[in-house]
Amino acid sequence: MLAFGQERAVKLSCWRLPVKANSLMLMNSQSAAASSLRMTPKQLLEQQGYAFIPSFCPDLEPTTAAAALGVPEQVDGLRLVQELSPTMSDLTTPNTYSGNFGLGTFPLHTDLAHWVMPPRYLMLRCAVGDPDASTQMLDSRSLVAAVGSNVLARCLTRPRRPMKRSFQLLPILQKLSERSQRLIRWDSIYLRPVNEYAQAVFRSIEEYLSCTQPISVILLREGDTLLLDNWRVLHGRSPVRYSASSRRINRIYMSTIK
Ligand SMILES: O=C(O)CCC(=O)C(=O)O
Ligand SMILES: [Fe+2]
C-alpha cells in the first residue's frame, strides 16, 4: 500500500494524459480521441457507471493502482486481489463463473448479487490481455426504464444456496436510505425468483438483456483498467476463443472512487 501523500506522486508520475491541478483527469472513453472533454474516474462513474483507463500505471501492483484510484475493499472470504483467468468448467469449482460457463460467454451480471450488500465498485485490471476476449457492460438505467422501477423493486429473489444457513429475500432493485441511492442486483444463476411474479420479471429481464447490445471493452494492454459501479452496471465476458488463452485479469472490490 502507498503511504499517505505518495498517491499523488504516483498519479503525476505515471498518468499519461494531462493532469490538471490536484485531480486525476482522463478522456471520456466513449469519445476519447475526438473530444477534449476530460473527466475524473469518479465523474465518469457518476455519468455512465464505468470508467476505462487505458494503460494506467502498468508497473504498479494491482493494490497500489487501486489505492491511487480509490479505496480497495477487503470482502469477507475473498482475497483482496483475485486473479481471473479463462478456465474450462471441468477444471474448476461449480460455485465460480468459470465452473458454470467455462470458456463460454459469462452472461451479464452484477458481482456478488446474492449478498445482502454487494460491493459498490470493482476494478478489473489487465495483467495479460487477449484481443479475442472482451468485457461487456450494460447500464441498468435502460433496463430499469424498460421493465419499470416498481416492478423490479417488488421482484424478490433469494440466493441459490442458503447464506449463513438462511435464505434472505433480496429485491432486484433495492432502494437505500442515503440520498436516494439504489442498487440493482442481477445474476441468472446465483439468484432465484421466489414466486411466480418474480419468475415473470426474470423472464422480462432476460428478454431485455438478450436483445440489448452491451458496451464492449477489451482489456488488452498491461495496466488497462476498468472501474465499474457494481450497484448500477451489469457486466459479463465474451467467450474466450482459445483454451490456451493466457488472459489474466486482476479484480479488486472498492468502496470508494476518487
Ligand atoms: O473477465 C472479465 O472480463 C469479467 C469477469 C467477470 O465478470 C467475473 O469473473 O465475475
Ligand atoms: Fe463479474
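The following paragraphs examine the structure supplied in this document. Not measured: the values here are computed from a predicted model.

Some words on the overall build of the protein chain
Right, on to step 1. Of regular secondary structure, the protein chain possesses seven helices and 17 strands.
Right, on to step 2. Counting only residues that meet the buried cut, the protein chain has 34% of its 258 residues in that class.
Right, on to step 3. A fraction of 73% describes how many contacts in the protein chain between residues 6 or more apart in sequence connect residues 24 or more apart.

Regarding the pairing of strand S7 (residues 121-128)
Right, on to step 1. Extensive coverage of S7 is indicated by the burial of six of its eight residues.
Right, on to step 2. In terms of strand pairing, S7 meets strand S15 (residues 225-229) through five bridges, oriented antiparallel. Bridging across to S15, Arg-125 finds its partner in Thr-225.
Right, on to step 3. Note: S7 against strand S17 (residues 248-257), seven bridges, orientation antiparallel.

With respect to the site of ligand 1
Right, on to step 1. Taken together, Leu-84, Tyr-97, Phe-106, Asp-111, Leu-124, Thr-135, His-235, Arg-237 and Ile-249 make up the full set of residues near ligand 1.
Right, on to step 2. Looking at the shell around ligand 1 residue by residue, the class counts come to five nonpolar, two polar and two charged.

Details of the environment of Ala-113
Right, on to step 1. Locating Ala-113 in the fold gives a position in the loop between strand S6 (106-109) and S7.
Right, on to step 2. Residue Ala-113 is classed as buried on the basis of its C-beta count, with 22 C-beta atoms lying within 10 Å.
Right, on to step 3. Sequence spacing of Ala-113 and Asn-230 is 117 residues, and the spatial spacing of their C-alpha atoms is 9.1 Å.
Right, on to step 4. Excluding residues within four positions of it along the chain, Ala-113 makes contact with Pro-118, Arg-185, Trp-186, Asp-187, Tyr-190 and Leu-191.

Observations concerning the nonpolar core
One broad trend across soluble globular proteins is that nonpolar side chains are buried collectively.
Right, on to step 1. Tyr-50, Met-123, Leu-227, Leu-228 and Met-254 are the most contacted members of the largest nonpolar core, which has 47 residues in total.
Right, on to step 2. Excluding residues within four positions of it along the chain, Leu-228 makes contact with Tyr-50, Tyr-121, Leu-122, Met-137, Val-233 and His-235.

Notes on unusual backbone geometry
Right, on to step 1. In the Ramachandran plot, Cys-57 falls in the positive-phi region, its phi being about 40° despite a non-glycine side chain.
Right, on to step 2. When you line up the elements, Cys-57 lands in the loop between strand S3 (50-53) and helix H3 (62-69).
Right, on to step 3. Residues other than glycine seldom take positive phi values, yet Leu-112 does so here, at roughly 50°.
Right, on to step 4. Tracing the backbone through its elements, the reader meets Leu-112 in the loop between S6 and S7.

Describing the packing of helix H5 (residues 140-147) against helix H7 (residues 196-210)
Right, on to step 1. The N-to-C vectors of H5 and H7 enclose an angle of 125°; their axes lie 11 Å apart at closest approach. By the angle between their axes, H5 is oblique relative to H7. Seen from above, H5 lies across H7 with right-handed handedness. Contacts from Leu-143, Ala-146 and Val-147 of H5 reach H7 at Ser-204, Ile-205 and Tyr-208.

Points about the environment of Gln-199
Right, on to step 1. Locating Gln-199 in the fold gives a position in helix H7.
Right, on to step 2. Since 12 C-beta atoms lie within 10 Å of it, Gln-199 is described here as exposed.
Right, on to step 3. For the pair Gln-199 and Leu-156, spaced 43 residues apart in the sequence, the C-alpha separation amounts to 9.4 Å.

Considerations on the sheet that holds S6
Right, on to step 1. Ordered in space as S6-S16-S8-S14, the four strands form an open sheet in which the pairing is antiparallel. If you trace the sheet from one side to the other, it starts and ends with S6 and strand S14 (215-217), each paired once. Averaged over all pairs of adjacent strands, the angle between strand axes in this sheet comes to 20°, irrespective of strand direction.
Right, on to step 2. In the packing of H5 onto the sheet, the strands contacted are strand S8 (135-139) and strand S16 (233-237), and the crossing angle to S8 comes to about 45°.

About the cut-offs
- Residues numbered from 1 in each chain as written.
- Chains lettered and ligands numbered in written order.
- Predicted model: local features only at pLDDT ≥ 70, side-chain atom pairs only at ≥ 80, totals over all residues.
- Helix = DSSP H or I, 4+ residues; strand = E, 2+ residues; numbered from the N terminus.
- Buried ≥ 20, exposed ≤ 12 C-beta atoms within 10 Å, placed from the backbone.
- Contact = placed C-beta atoms within 7 Å.
- Pairing = 2+ DSSP bridges.
- Near = placed C-beta within 6 Å.
- Nonpolar A, V, L, I, M, F, W, Y, C, P; charged D, E, K, R; others polar.
- Core = buried A, V, L, I, M, F, W, Y, C linked by C-beta atoms within 7 Å.
- Axes fitted to C-alpha atoms, helices over the stretch in contact; angles between N-to-C directions.
- Parallel < 35°, antiparallel > 145°, perpendicular 65-115°, else oblique.
- Left-handed = near helix turned anticlockwise from the far one by under 90°.

It is worth stressing that arrangement in space is one thing and function is another; only the former is reported here.
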